[in-house]
Amino acid sequence: MLIAGNWKLFKGPREAREFCGALAAAVDTSGIEVAVCPPFVSLAAALEGVRGSAVQVFAQSVHWAETGAFTGEVSAAMLAEVGVAGAIVGHSERRQYFGETDETVARRSEAALAAGLRVIACVGETLAERDGSRVEEVLRRQTAAIADAVGPHANLVVAYEPVWAIGTGRTASPEQAQEAHAIIRDILDVPILYGGSVKAENAPVLLAQPDVDGALVGGAALEVTSFAGICAAARAVA
Ligand code: PGA
């Protein structure tokens, strides 16, 4: 069971260090894995904050090239050198706003895994796709692109994040999550996280689904109390 907090564009270095220190003191990691995913500039500070605890630090993206003319990008080797454990790849906000495609998600995943990092690769349908009964088709296509590139790698985790549930307060029902996770697992048998408006209140029922192996948390990961509450819910079902 992995609970990962995706901070998105929140928390600079000072806040990251403080938050991670407080989180490390508040969270019980026995039987589960806990990770935070700060912006690039806050990774080193977050690592200082979690030092001495089992809380892991992941980046929010990673480039596929080792070096080169790729302004604004960061390589897997650079992340490994800083000491992060892994990276999120292909979050729907990157697909939606920064031109991420199934192909770039596959390339980023491949490079990160080759460098020894763990990867949380994100998939998920939009509301229009769900309304158009295209959930299975979309999940199969997105997951197959990752599976074709890296297979069921030991350091790979997939996150199912229905786009309509992200930051909306609208969560997939436990049945919808379970159904989607089963489709993904049929193609790629790795741990599968659910993401989209996860909170301490709805975490127990979502995490209790047989194919839900953890959560990728956005908004509720920005406060120690709410994030630690989700981690406690994970411990209860782990
Ligand atoms: P949310 O974000 O928990 O705020 O819905 C989840 C995510 O985007 O990873």
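Residues numbered from 1 in each chain as written. Predicted model: local features only at pLDDT ≥ 70, side-chain atom pairs only at ≥ 80, totals over all residues. Heavy atoms only, no water.

## Looking at the pattern of salt bridges
Here's step 1: For the structure on display, the rule yields 17 salt bridges.
Here's step 2: Note that Asp28 and Arg235 form a salt bridge whose closest N and O atoms lie 2.9 Å from each other. Residue Asp28 is found in the loop between helix H1 (13-26) and strand S2 (33-37), and its partner Arg235 is found in helix H10 (residues 224-237); the two are separated by 207 residues along the sequence.
Here's step 3: A relative accessible area of 38% means that Asp28 is categorised as partly exposed.
Here's step 4: Among the residues examined, Arg235 registers a relative accessible area of 36% and is labelled partly exposed.
Here's step 5: In this structure, Asp211 engages Arg185 in a salt bridge whose closest nitrogen and oxygen atoms are separated by 2.6 Å. Of this pair, Asp211 sits in the loop between helix H9 (203-207) and strand S8 (214-217) while Arg185 sits in helix H8 (residues 174-187), and the two are 26 residues apart along the sequence.
Here's step 6: Judged by relative accessible area, Asp211 falls into the buried class, the value being 16%.
Here's step 7: Several salt bridges converge on common partners, so that one network encompasses Glu73, Arg94, Glu100 and Arg108. (Salt bridge = Lys/Arg side-chain N within 4 Å of Asp/Glu carboxyl O. Helix = DSSP H or I, 4+ residues; strand = E, 2+ residues; numbered from the N terminus. Buried < 20%, exposed > 50% of the residue type's maximum accessible area, 1.4 Å probe, protein only.)

## Description of the side chain of Arg185
Here's step 1: Within the local environment of Arg185, its side chain forms a polar contact with the side chain of Asp189, the two groups lying 3.2 Å apart.
Here's step 2: Non-local contacts of Arg185, meaning those with residues more than four positions away in its chain, are made with Val190, Ile192, Asp211 and Asp213. (Polar contact = N/O pair within 3.5 Å; in protein donor to acceptor, adjacent residues only side chain to side chain. Contact = heavy atoms within 4.5 Å.)

## Some remarks on the site of the ligand
Here's step 1: For the ligand, the set of nearby residues contains 13 residues, the closest of which are Lys8, His91, Glu161, Gly167 and Ser197.
Here's step 2: Contact distances for the ligand include 2.7 Å between an oxygen atom and a backbone N or O atom of Ser197.
Here's step 3: When the free accessible area of the ligand is taken as 280 Å², the share hidden by the protein chains comes to 95%. (Near = heavy atom within 4 Å. Areas by Shrake-Rupley, 256 points an atom, 1.4 Å probe, with all protein chains shown as cover.)

## Considering the nonpolar core
Here's step 1: Core analysis: the largest hydrophobic core is formed by 66 residues, its most contacted members being Ile3, Leu79, Leu156, Tyr194, Val217 and Phe227.
Here's step 2: The element contributing the most residues to this core is H10, with 6 residues.
Here's step 3: The residues touching Val217, leaving out its near neighbours within four places in the chain, are Ile3, Ala4, Gly5, Asn6, Val198, Phe227 and Ile230.
Here's step 4: Counting 12 residues, the second largest nonpolar core, distinct from the first, contains Ile88, Ile120, Val157 and Leu193. (Core = buried A, V, L, I, M, F, W, Y, C linked by side-chain atoms within 4.5 Å.)

## Re helix H2 (residues 43-50)
Here's step 1: With respect to burial, H2 is a largely interior element, 6 of its 8 residues being buried.
Here's step 2: Among the residues of H2, those classed as buried are Leu43, Ala45, Ala46, Leu47, Gly49 and Val50.
Here's step 3: Positioned one or two residues after H2, Gly52 has a phi angle of 90°, which is positive.

## Details of the pairing of strand S1 (residues 2-6)
Here's step 1: Within S1, 5 of the 5 residues are buried, which leaves the element mostly enclosed by the surrounding structure.
Here's step 2: Neither face of S1 is open: one carries Leu2, Ala4 and Asn6, the other Ile3 and Gly5, and all of them are buried.
Here's step 3: Two strands pair when backbone bridges link them, and S1 and S2 are joined in this way by 5 bridges, in the parallel orientation. Looking at the pairing, Ile3 lines up with Val34 of S2.
Here's step 4: Note on the crossover from S1 through H1 to S2: the handedness is right-handed.
Here's step 5: By the bridge criterion, 4 bridges tie S1 to S8 in an arrangement that is parallel. The partner of Gly5 across the bridge, within S8, is Val217. (Pairing = 2+ DSSP bridges. Right-handed = clockwise from strand over helix to strand, strands pointing away.)

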